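The residues making up each chain are set out below.
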Amino acid sequence: MQPRNSRLNSSALRGAVDLAAVKAAGEAAQKAEQARAERARQTAAAEAAGTVPAGSAHQLVIDVTEDTFEVEVVQRSTEVPVVIDFWAEWCGPCKQLSPVLEGLVEEYAGRFVLAKIDVDSNQLLAQQFGIQGIPAVMAVVAGQLVPLFQGAESAANIRKVLDQLILVAEQRFGVAGGAAAPGEAPAAAPQRPEDPALAAAHDALDAGDLGGAVQAYRNVLVDQPGNTEAKLGLAQAELLQRIEGLDLQAVRAAAAADPKDVGIQLQAADLDLVGGHVEDAFGRLVDTVGRTAGEDRDTARLRLLELFEVIGAEDPRVAAARTALARVLF
């Protein structure tokens, strides 16, 4: 597993989808800018050759299939957040939600685009995204999957979700959509110079120097205690450091055999998270908090909070786990 890489790609869609094991803020922003530059170059070349279909780059609502997903969702998400509406013709709540989403995409004037996926016609995509019921709404930002909500919602509630999505897209991934006039590409997100100390920490993490990365991120946080990217990087590096040398099957077997062994439950939760089983990792630690007391309980609780940092506070699974944690604590 690459420590800062959970991007969506076509190969990931051919197998089990593992998109949220680790957030990749710094790398995703850099890759998004590179993709924007390349797409702008290709668009300019196509326009010069007279081969750009009229209006193709500026649609706000797109019908997406398994064949077009890579281009219309993954690649497009490097320029603008892509909200995905999983629907079907027979679904009554879908017919209530779809007009609301389509109205909001016009209202937001290019701050996001709406990709509509018919689950009956695209069963492989529905299966790979783990769609259990529809309507289901997700988003992709810089190739990163962000679950949003399931079921019909009011426009007011959806606006709150969209505002948070757009904020995260801009601040964490450097992806900022915007209305574009016909013939113009969407404005690229402003580039922020990277802190050399933070860049060194990222480089150490990418090189597999986990001890060096941990220390480098801690150094950044000494000077900048509120640096969210450094906090994220530190949480990732410490997680990867903890699982070095662990045998997945052996740890899971030991955890199943002795639910009261806090240390082995912590190891199993770390491995669950790195393997993309986010809810399993959170549930395991919530259960451990619930069945322990004193120092053991505090150890499990603190590890759960560390894993929240890895996934990101805006992820709805973190919010759900916080609620579950509060129930067992109080």
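Undergrad: Please give an account of the overall build of the chain that cites residues and values.
TA: Counting its secondary structure elements, the chain contains 14 helices and five strands. Relative to its 330 residues, the chain shows a buried fraction of 46%. Long-range contacts, defined as pairs at least 24 residues apart, comprise 68% of the intrachain contacts of the chain with a sequence gap of at least 6. Only carbon and sulfur atoms are counted for the fraction: they give 52% of the accessible area of the chain, which is about 15,600 Å².

Undergrad: Before we move on, could you go through helix α11 (residues 262-274) and cite the residues and values that matter?
TA: Note: α-helices contain 3.6 residues per turn, so residues at a spacing of three or four share the same orientation. A rise of 1.5 Å per residue sets the reference length of α11, with its 13 residues, at 18 Å; its end C-alpha atoms lie 19 Å apart and thus fit the reference within 8%. In terms of burial, α11 is a largely internal element, 11 of the 13 residues being buried. Every buried residue of α11 is listed here: V262, I264, Q265, L266, A268, A269, D270, L271, D272, L273 and V274. Considering only its buried residues, α11 is in contact with α9 (228-243), α10 (248-257), α12 (278-291) and α13 (294-311).

Undergrad: Give a detailed account of the side chain of T78, specifying residues and quantitative values.
TA: Take T78: it is sitting in the loop between α3 (69-75) and β2 (82-87). Within polar-contact distance, the side chain of T78 engages the backbone oxygen of Q75 at 2.7 Å.

Undergrad: Run through the packing of α12 against helix α14 (residues 316-329), naming residues and quoting values.
TA: For the pair α12 and α14, interaxial distance at closest approach is 9 Å and the crossing angle is 10°. Considering the angle they form, α12 stands roughly parallel to α14. Taken together, the residues of α14 that come into contact with α12 (itself represented by V278, E279, F282, V286, V289 and G290) are R317, V318, A321, A324, L325, V328 and L329. Of the residues belonging to the contact of α12 with α14, the class tally is 10 nonpolar, one polar and two charged.

Undergrad: Requested: an account of the pairing of strand β5 (residues 144-150), with residues and values cited.
TA: Of all seven residues that make up β5, five are buried, and the element is covered over most of its length. As paired strands, strand β4 (residues 136-141) and β5 are joined by six bridges and run antiparallel to one another. Along β5, the bridge assignment pairs V140 with L145.

Undergrad: Please provide a residue-by-residue account of the nonpolar core, values included.
TA: The biggest cluster of nonpolar side chains holds 44 residues, and the ones touching the most others in it are L205, Y217, L239, L273, F282, L304 and L307. Among the secondary structure elements, those contributing two or more residues to this core are α7 (196-206), α8 (210-223), α9, α10, α11, α12, α13 and α14. Counting 26 residues, the second-largest nonpolar core is a separate cluster that includes I84, F86, V119 and F129.

Undergrad: Tell me about the state of the cysteines, and name the residues and values.
TA: Inspection of the entire model under this criterion finds one disulfide. Disulfide partner of C91: C94, at an S-S distance of 2.4 Å. What sets the handedness of the C91 and C94 disulfide is the S-S torsion sign, and at about 80° it is right-handed. Both residues of the pair, C91 and C94, belong to the buried class.

Undergrad: An account of the confidence of the model for the chain is requested, with residue identities and associated values reported.
TA: Confidence in the prediction of the chain, expressed as mean pLDDT, is 78, and 76% of residues score 70 or more. Note that pLDDT drops below 50 for residues 1-29; the model gives that stretch 85 contacts with residues more than four away or on any other chain. Low confidence marks residues 179-192, where pLDDT is under 50. Its contacts with residues over four positions away, or in another chain, come to 24 contacts.

Undergrad: How would you explain the packing of aromatic side chains if you had to name every residue and give the values?
TA: Tallied over the full model, the rule gives four aromatic pairs. Between F86 and F129 the ring centres are 5.5 Å apart and the planes differ by 50°, which places this aromatic pair in the tilted class. Of this pair, F86 sits in strand β2 while F129 sits in the loop between α5 (123-128) and β4, and the two are 43 residues apart along the sequence. The class of F129 is buried, set by a relative accessible area of 8%. Between F282 and F308, the aromatic rings sit 5.0 Å apart at their centres with planes inclined by 85°, giving edge-to-face as the arrangement. In this pair, F282 sits in helix α12 while F308 sits in helix α13, placing the two residues 26 residues apart along the sequence.

Undergrad: An account of the sheet that holds β5 is requested, with residue identities and associated values reported.
TA: Strands sit in the order β1-β3-β2-β4-β5 across an open sheet of five strands; the sheet is mixed. Where the open sheet ends on each side, the last strands, each with one partner, are β1 (61-63) and β5. If you compare each strand with its neighbour and ignore which way they point, the axes differ by 25° on average. Packed on one face of the sheet, helix α6 (residues 155-173) meets β2, β4 and β5 and runs near 170° to β5.

Undergrad: Describe the side chain of S98, with residues and values.
TA: With respect to the helices, strands and loops of the structure, S98 is situated in helix α4 (residues 92-107). In this structure S98 comes out as buried when scored by relative accessible area, which is 9%. Setting aside residues up to four positions removed in sequence, S98 forms contacts with D85 and K116.

Conventions we followed
- Residues numbered from 1 in each chain as written.
- Predicted model: local features only at pLDDT ≥ 70, side-chain atom pairs only at ≥ 80, totals over all residues.
- Heavy atoms only, no water.
- Helix = DSSP H or I, 4+ residues; strand = E, 2+ residues; numbered from the N terminus.
- Buried < 20%, exposed > 50% of the residue type's maximum accessible area, 1.4 Å probe, protein only.
- Contact = heavy atoms within 4.5 Å.
- Areas by Shrake-Rupley, 256 points an atom, 1.4 Å probe, with all protein chains shown as cover.
- Expected span 1.5 Å × (residues − 1).
- Polar contact = N/O pair within 3.5 Å; in protein donor to acceptor, adjacent residues only side chain to side chain.
- Axes fitted to C-alpha atoms, helices over the stretch in contact; angles between N-to-C directions.
- Parallel < 35°, antiparallel > 145°, perpendicular 65-115°, else oblique.
- Nonpolar A, V, L, I, M, F, W, Y, C, P; charged D, E, K, R; others polar.
- Pairing = 2+ DSSP bridges.
- Core = buried A, V, L, I, M, F, W, Y, C linked by side-chain atoms within 4.5 Å.
- Disulfide = S-S within 2.5 Å.
- pLDDT = per-residue confidence, 0-100.
- Phe/Tyr/Trp six-rings, centres within 6.5 Å; stacked < 30°, edge-to-face > 60°.

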